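# Per-entry structural report
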Amino acid sequence: MTTTPKPVGKVNAAGLERTEYKGVPSTLCPGCGHDSISNQIISMAFDMGLQPHNVVKFSGIGCSSKTPAYFLGTSHGFNSLHGRMPSIATGATLANNSLLAIGVSGDGDTGSIGFGQYKHMIRRNVPMIYIIENNGVYGLTKGQFSATSDEGQKLKYYGENALPSLDLCLEAIIGGCTFVARSFSGDAKQVQALLKAAVAHRGTAVLDIISPCVTFNNDPQSNKSYDYGKKNEVPLHEIDFIQGGYVPAREEITVDYAEGELIEVKMHDGSYVRLKKLGRDHDPRNRARAVGLLDEAQREQTFITGLLYYEEPRPILSETLNAPEIPLTALPEAQLRPTKDALDKLMQSFM
Amino acid sequence: MCALNIANEVQTGAANSGEPIVNDFTIMAATKNGSGSQTSNSVIVKSLFRMGIPVNGKNLFPSNIKGLPTWYSIRVSKDGYTARRPHNEIAIVFNQDTAAEDIANLPPDGVCLIPADWKWGQSRSDIIYYELPVKELMAKTEIPADLKDRIGNMVYVGAVAQLFGIPLEIIYEALLDNFNRKEKAARLNYNVVEIAYNWTAENLPKRDVYRFEKMNETQGKIMISGNEAGALGSLFGGMTVAAWYPITPSTSLIDGVLDYKHLRRDAETGKDTVAVVQAEDELAAIGMIVGAGWAGARAMTSTSGPGISLMAEFAGLAYFAEIPCVIWDITRLGPSTGLPTRTSQGDVLFAHFLGHGDTKQICLLPATVEECFEFGWRSFDIAEEYQAPVFVLSDLDLGMNNWMGEPFTYPTESIKRGKTLDKIQLEEFFAKYGEWYRYKDYDGDGIPYRTIPGTDHPRASYFTRGTGHTERATYSEKSSDWVANMHRLRLKMDVAREKLPQPFIDYNADKKVGIVSFGTNEPAIHEARNWLSAKGTQTNYLRIRSLPLASSVHEFINQHEKVYIIENNFDGQMSQIIRMEMNDTRHVESLALGDSLPMTPDWIVSKIWEGN
Ligand SMILES: Cc1ncc(C[n+]2csc(CCOP(=O)(O)OP(=O)(O)O)c2C)c(N)n1
Ligand code: SF4
Ligand SMILES: [Mg+2]
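Keep in mind that this is a model prediction, so the values were computed, not measured.

Every residue near ligand 2 is listed here: Leu28, Cys29, Cys32, His34, Cys63, Asn135, Cys213, Val214, Thr215 and Phe216 of chain A. Its residues placed into classes, the shell around ligand 2 shows 7 nonpolar, 3 polar and no charged.

If you want it as structure tokens, here you go:
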């Protein structure tokens, strides 16, 4: 007699199925670029075998900031205040430096109200993946210009944008970020590879992902529209991520070594990002080149994608502050409260 | 006779009689900010304290780094009173810019110490002048020229010591303390003190009636500022994260944390078990502690009014999303930048209701350095027990001045983490209830159970948001969900009001007049009640120590024919809170000052006598 086994989904290294990395159903507009990114986060977490309880999700306020509810439903999450996710993540990762923090923000959330916090998070090297779902518009408040809107862009109610746009990757590099990447929500493969590399990074990893708003900013003229993105995206490299030590190793993603030149960037945990150079010759360890490239691209109104800048990680905030290696939240009471003797001695010095 | 005169009659000794007045007068040192007078004044205060004399020093300083006038009052009181006095008997007039005013303010028979170099002459015949040749005396010292300006103020320390009686060896000890036992610095200053002391002995025969005499009233006591006390309390309270942005008068609280952080250094690893971040602003400072509190840290920030203004949105979020954190507000005078170096109790309404929508924040109201220490550690327990922000409302007077106090009592209870479920407790919870919902009231006290990120259990997570949510922490825009949650939050605060630090009450059923107050009016009220009592007005007293108000406040008010709510803000904010909660407050009168200075007993007595 033969038994037909119950069909089961593919299980990853953590013993979980892909569906277990999903969140509640999205309430964003159908076709919104933000949903594609949520999907990539789900795939990345499944592929890498992340333990959901080790992941914390953060966001500010905006359509983009709603998305942490839509992925990794069994991880703790915190949808905080407009522009102030960096401070929440700073405190939480200081409290517990063993958590893998994934933050999702928007271009309004990061580039305007939260610009100061964004820059200071980078400066402090808060260990987190900081994703900007950049649609060049305020989605949730219905279509105002954001600081990343293109100069000269036209919007239905707000006329023409007279101001130059801010490049959040450029700002990150100047601010001392050690991992800066740009991608396009429609480019599943590249988003995935960059997300995986960001997980392996220790420190702030900025991912600015162009993510079209199909409701308020899908004018083909806008360089954050889907059509424009598809046409004008200039990938720097073809990227593959080769898993290392951070998460249980799975089989290697094989790549085709045949075409083009290859460079490998070693991540903190021993994994590699393998970059296959295409048209341009970009070594992501060259800061001045990265800045120049972005500047040039901004003038040409193209956006280049890939790992723009990478540097050996510097100390993360808890290290800078001489905090213990184990999480502060794991300290026993004996280490939290000095002894009575210590207090009595101290009192003597005030007499 | 006007009320104030009656009060004066009670308080002033018989200066005219020529009888010595011992340990019962006030010295005011008028100097220029940044001139080094802070050291001189601290040394005098510390020396008097070491002589066993009850003493209190208050710094009235300008919002300026160098050059503007500053006054420091030193009150000695054999009866142990520490409130500010409206007058001083002795003036150290070391600032030409304010000298005329400082001399004019002296009472008849007052004493004026003034540099002889100014050649100001003696404009008043009813006071006693002692002229000190500051330049000449400084010339005799070996002080390097660049330090002469800063150390010049030590001249008046020597003169005060000689004229009113402080032994030189006590001054030297106080100097050593002041300079962290560094002998070289102490010697340099002492040299000036000694020269001035000897010159005074030889050249200025004593003509006034004021004297210090050793007592035994400070034995076993400590002298410390409220901010240092709060810092120590926080360190003994298991604080693991502090985030702050500099602002007077709260900065010295975090300075205290940094000064004593070594108490929390792990001897084995050399690591600090408390992380202190100087944030980019108060928006970030509170964000960091809310994030840290959410992740399971015991987190604190310290600020003042302008910072509290920036923290409003996060305070509302933390209240609504039920995240523990502690916020010290060392209150200064607002609105706006206001008088940034003057004291106030003007943030009580704002802090209690901080956040848009319907919020009622827990506030602790320390009045003494002992309470600053106690609330320092207890605030974390309260924050975790109620899963809510806790505001500790101190003020500039308590925070930045040195106060006598009893040595601090070691925390009487072990650290309380409230209803926080770890992996095993969560497992037990599921076994008992078959579920766990983040915002569900399982115990009928409005306080739900929480988990900490990183808890290794497949059902430990929940999603935190400032948007409407169900008891399962899922998003909801249903008005029934909203209202149910608000009812639970209200219940939680109603439970808290009876369990937070309860009012201090001095009650006797025979007395018909009640005084209600909070915080640093304490010393003025204590003294005023004694004067009132001596003149036949007996009062009961209740000091509120937390918000929301305990029901005993309502009871106390109902027990009296007349109740005065005394506070140091302009609008009578506590009295507004009381009126909001009580039906019949016709017999309640608000005595609200808010004049930028610590309250005096004189003001209280005159106000109450006006009303009787
Ligand atoms: C303090 C504050 N001011 C304003 C708002 C209103 N608001 C909500 S979302 C948003 C803009 C969001 O834009 P973006 O970050 O680009 O997100 P998107 O919706 O485009 O994904 C604004 C202004 C708010 N929530 N809080
Ligand atoms: S408004 Fe734009 S950004 Fe918001 S959900 Fe719709 S498509 Fe996405
Ligand atoms: Mg946007």
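In this section: the site of ligand 1. Near ligand 1 there are 19 residues, and of these Cys63, Ser64, Gly108, Asp109 and Gly139 of chain A occur at the shortest range. Of the chains in the model, those with residues near ligand 1 are chains A and B. Here an oxygen atom of ligand 1 sits 2.7 Å away from a polar atom, N or O, in the main chain of aspartate 109 of chain A. Backbone polar atom of valine 137 of chain A to an oxygen atom of ligand 1: 2.9 Å apart, as the coordinates give it. Here ligand 1, which alone exposes 590 Å², has 78% of that area covered by the protein.

Residues and elements named next belong to chain A. Donor atoms from the polypeptide that bind the magnesium ion (ligand 3) are Asp107 (OD), Asn135 (OD1) and Val137 (O), placed at 2.1 Å. Positions of the donor residues of the magnesium ion (ligand 3) along the chain correspond to the pattern D-x27-N-x1-V. Among the residues examined, asparagine 135 registers a relative accessible area of 3% and is labelled buried.

Below, the discussion takes up the nonpolar core. Formed by 103 residues in total, the largest nonpolar core has its most connected members in Phe58 of chain A together with Ile544, Met574 and Ile578 of chain B. With 8 residues, the top contributor of residues to this core is helix α11 (residues 282-294) of chain B. Listed in part, the 59 residues of the second largest apolar core include Ile44, Val111, Val155 and Ala174 of chain B.

Before going further, it helps to examine the domain arrangement of chain B. Residues and elements named next belong to chain B. Under the domain assignment, chain B is made up of domain 1 (17-211), domain 2 (224-403), domain 3 (423-499) and domain 4 (504-611). Relative placement of domain 1 and domain 2: their C-alpha centres are 35 Å apart. Counting residues at the interface gives 9 residues for domain 1, matched by 10 residues for domain 2. Between domain 1 and domain 2 lies a buried interface of about 790 Å² when both sides are counted; carbon and sulfur atoms form 52% of it. For domain 1, the biggest contributors to the area lost against domain 2 are Lys58, Phe61 and Ser63; these three give 53% of the whole. Between the two partners, domain 1 and domain 2, sit 1 salt bridge. Between lysine 58 and aspartate 397 there is a salt bridge; the shortest N-O distance is 3.0 Å. Linking domain 1 with domain 2 are 4 residue pairs in polar contact (both at pLDDT 80 or more).

Before going further, it helps to spend a moment on the packing of aromatic side chains. Residue and element names in this part refer to chain B. For the structure shown, the criterion picks out 28 aromatic pairs over all chains. When the centroid spacing of 4.6 Å and the interplanar angle of 15° are considered together, the rings of phenylalanine 373 and phenylalanine 408 count as stacked. With a gap of 35 residues between them, phenylalanine 373 in helix α15 (residues 369-386) and phenylalanine 408 in the loop between β17 (402-405) and α17 (423-433) connect regions that are remote in the sequence. By relative accessible area, phenylalanine 373 is classed as buried at 1%. An aromatic cluster of three or more residues is present, and its members are Phe25, Phe164, Tyr210 and Phe212. Across from the ring centre of tyrosine 172, 4.7 Å away, lies the NZ or CZ of arginine 187, which sits over that ring. The ring of tyrosine 462 has arginine 438 lying over it, and the distance from NZ or CZ to the ring centre is 5.0 Å.

On the chain B side, the residues contacting the 49 residues of chain A number 71 residues. For the pair chain A and chain B, the summed buried area comes to about 5,000 Å², and 65% of that belongs to carbon and sulfur atoms. The largest share of the area that chain A buries against chain B comes from His76, Arg337 and Phe350 of chain A, three residues that together contribute 16% of it. In this assembly, chain A and chain B are joined by 2 salt bridges. In this structure, glutamate 313 of chain B and arginine 84 of chain A form a salt bridge, with 2.4 Å as the shortest nitrogen-oxygen distance. Here chain A is connected to chain B by 24 residue pairs in polar contact (both at pLDDT 80 or more). Within the residue set of the side of chain A that touches chain B, elements represented by two or more residues are β1 (55-59), β2 (76-79), α3 (85-95), α5 (115-124), α11 (333-336) and α12 (340-349) of chain A. Take the side of chain A that touches chain B: its biggest share by element is 7 residues, from α3 of chain A. The class makeup of the residues in the side of chain A that touches chain B is 24 nonpolar, 19 polar and 6 charged. Alignment of β2 of chain A against strand β18 (residues 463-465) of chain B, held across 3 bridges, turns out to be parallel. Each residue of the ladder has a partner; that of phenylalanine 78 of chain A, found in β18 of chain B, is threonine 464 of chain B.

Cut-offs used in this document
- Residues numbered from 1 in each chain as written.
- Chains lettered and ligands numbered in written order.
- Predicted model: local features only at pLDDT ≥ 70, side-chain atom pairs only at ≥ 80, totals over all residues.
- Heavy atoms only, no water.
- Near = heavy atom within 4 Å.
- Nonpolar A, V, L, I, M, F, W, Y, C, P; charged D, E, K, R; others polar.
- Polar contact = N/O pair within 3.5 Å; in protein donor to acceptor, adjacent residues only side chain to side chain.
- Areas by Shrake-Rupley, 256 points an atom, 1.4 Å probe, with all protein chains shown as cover.
- Donors = N, O, S within 2.8 Å, 3.2 Å for Na, K, Ca; no water.
- Buried < 20%, exposed > 50% of the residue type's maximum accessible area, 1.4 Å probe, protein only.
- Core = buried A, V, L, I, M, F, W, Y, C linked by side-chain atoms within 4.5 Å.
- Helix = DSSP H or I, 4+ residues; strand = E, 2+ residues; numbered from the N terminus.
- Domains from an automatic or database assignment.
- Contact = heavy atoms within 4.5 Å.
- Buried area = accessible area lost by both parts, 1.4 Å probe.
- Salt bridge = Lys/Arg side-chain N within 4 Å of Asp/Glu carboxyl O.
- Phe/Tyr/Trp six-rings, centres within 6.5 Å; stacked < 30°, edge-to-face > 60°.
- Lys NZ or Arg CZ within 6 Å of the ring centre and 35° of its normal.
- Pairing = 2+ DSSP bridges.

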